[in-house]
Each structure stands twice: as C-alpha cells, then as structure tokens.
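Reading the structure
What follows is each chain in one-letter form.
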Amino acid sequence: MEAGKLKVGILDKGTAWLDTGTFESLMQAAQFVQVIEERQGLKIGCIEEIACRMGFIDKTQLKKLALPLVKSGYGKYLLAFSEEV
C-alpha cells in the first residue's frame with residue numbers, strides 16, 4: 001500500500017471469495033464448490049469450457065480434449081457441454 005501498488009476492486013455479483021488459509025476454511029471452500037456444482041449442474045473453474053466460450057477452442061477441439069476423460073464426471077460434463085455449443 002505504501003508503495004502505491006495496491007489495487008482494489010469490487011467483485012461482480014455472484015462472485016464468492018473463499019479464504020483457504022486454514023485447514024477448516026479449505027474444507028469449507030471445497031464443500032461450497034461441491035454444493036454449487038451439484039445444485040447448478042456446472043463446473044467451477046472448467047478451463048476447457050471457458051476456452052470454448054471465449055472462442056479459443058472450437059467444439060471439435062473441446063470434444064478431443066474430453067474423450068480421454070470420458071470415464072470421469074469431468075469428461076462427461078465436457079462432452080455434454082460440447083453438444084450445447
């Protein structure tokens with residue numbers, strides 16, 4: 001702050017700040033992410049989905065990334081998302 005390099009901003013609506021500085025707060029953050037993903041049917045921090053939404057990869061590339069992961073819930077999520085694009 002004294003060096004004048006501190007930047008402050010207001011987080012967008014729907015943004016959650018998760019402090020994970022202790023074991024207890026890390027567990028709470030993990031449970032929060034799990035609940036949000038289960039209830040909303042979305043993955044938090046899914047870089048492949050973000051890349052596709054932002055136009056960095058297309059539907060074909062997304063499917064190619066998803067296929068090796070198809071046995072996991074993550075891979076199934078990516079394949080389902082690729083069908084929506």
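All values derive from a computational prediction rather than experimental measurement.

Its 18 residues give helix H1 (residues 23–40) an end-to-end C-alpha distance of 26 Å, which sits within 8% of 26 Å, the value for a rise of 1.5 Å per residue. Two residues or fewer after H1 comes Gly 41, characterised by a positive phi angle close to 70°.

To continue, consider the environment of Glu 83. Within the secondary structure, Glu 83 sits in helix H4 (residues 73–84). Along the primary structure Glu 83 and Leu 26 are separated by 57 residues, whereas in three dimensions their C-alpha atoms are 34 Å apart. If we ignore the near neighbours within four places in the chain, the residues touching Glu 83 are Lys 59 and Lys 63.

This part covers the nonpolar core. Listed in full, the 9 residues of the largest apolar core are Cys 46, Ala 51, Cys 52, Ile 57, Leu 62, Ala 66, Tyr 77, Leu 78 and Phe 81. For this core, the secondary-structure elements that each account for two or more residues are helix H2 (47–53), helix H3 (59–66) and H4. Here this core takes 3 residues from H4, the largest share from any one element. Apart from residues no more than four positions distant in its own chain, Leu 62 is found in contact with Glu 48, Cys 52, Ile 57, Leu 78, Phe 81 and Ser 82.

What follows is about the packing of H3 against H4. Remark: H3 packs on H4, axes separated minimally by 9 Å, with the N-to-C direction vectors making an angle of 165°. One way to sum up the angle between H3 and H4 is to call them roughly antiparallel. Regarding H3 and H4, the two cross each other, and that crossing is left-handed. Across the interface between the two elements, Lys 59, Leu 62, Lys 63 and Ala 66 from H3 touch Gly 75, Leu 78, Leu 79, Phe 81, Ser 82 and Glu 83 from H4. Each residue belonging to the contact of H3 with H4 can be placed in one class, and the counts come to 5 nonpolar, 2 polar and 3 charged.

Here the focus is the pattern of salt bridges. As enumerated under the stated definition, the model contains 3 salt bridges in all. For Glu 49, the salt bridge is made with Arg 53, and the minimal N-O distance between the two is 2.8 Å. Here Glu 49 pairs with Arg 53, and both are found in helix H2, just 4 residues apart, close to one helical turn. A relative accessible area of 7% means that Glu 49 is categorised as buried. Relative accessible area serves as the criterion here: at 57%, Arg 53 is assigned to the exposed category. Between Glu 83 and Lys 63 there is a salt bridge; the shortest N-O distance is 2.8 Å. Of this pair, Glu 83 sits in helix H4 while Lys 63 sits in helix H3, placing them 20 residues apart in sequence.

Thresholds applied
Residues numbered from 1 in each chain as written. Predicted model: local features only at pLDDT ≥ 70, side-chain atom pairs only at ≥ 80, totals over all residues. Heavy atoms only, no water. Helix = DSSP H or I, 4+ residues; strand = E, 2+ residues; numbered from the N terminus. Expected span 1.5 Å × (residues − 1). Contact = heavy atoms within 4.5 Å. Core = buried A, V, L, I, M, F, W, Y, C linked by side-chain atoms within 4.5 Å. Buried < 20%, exposed > 50% of the residue type's maximum accessible area, 1.4 Å probe, protein only. Axes fitted to C-alpha atoms, helices over the stretch in contact; angles between N-to-C directions. Parallel < 35°, antiparallel > 145°, perpendicular 65-115°, else oblique. Left-handed = near helix turned anticlockwise from the far one by under 90°. Nonpolar A, V, L, I, M, F, W, Y, C, P; charged D, E, K, R; others polar. Salt bridge = Lys/Arg side-chain N within 4 Å of Asp/Glu carboxyl O.

Geometric values such as these leave the question of function open.
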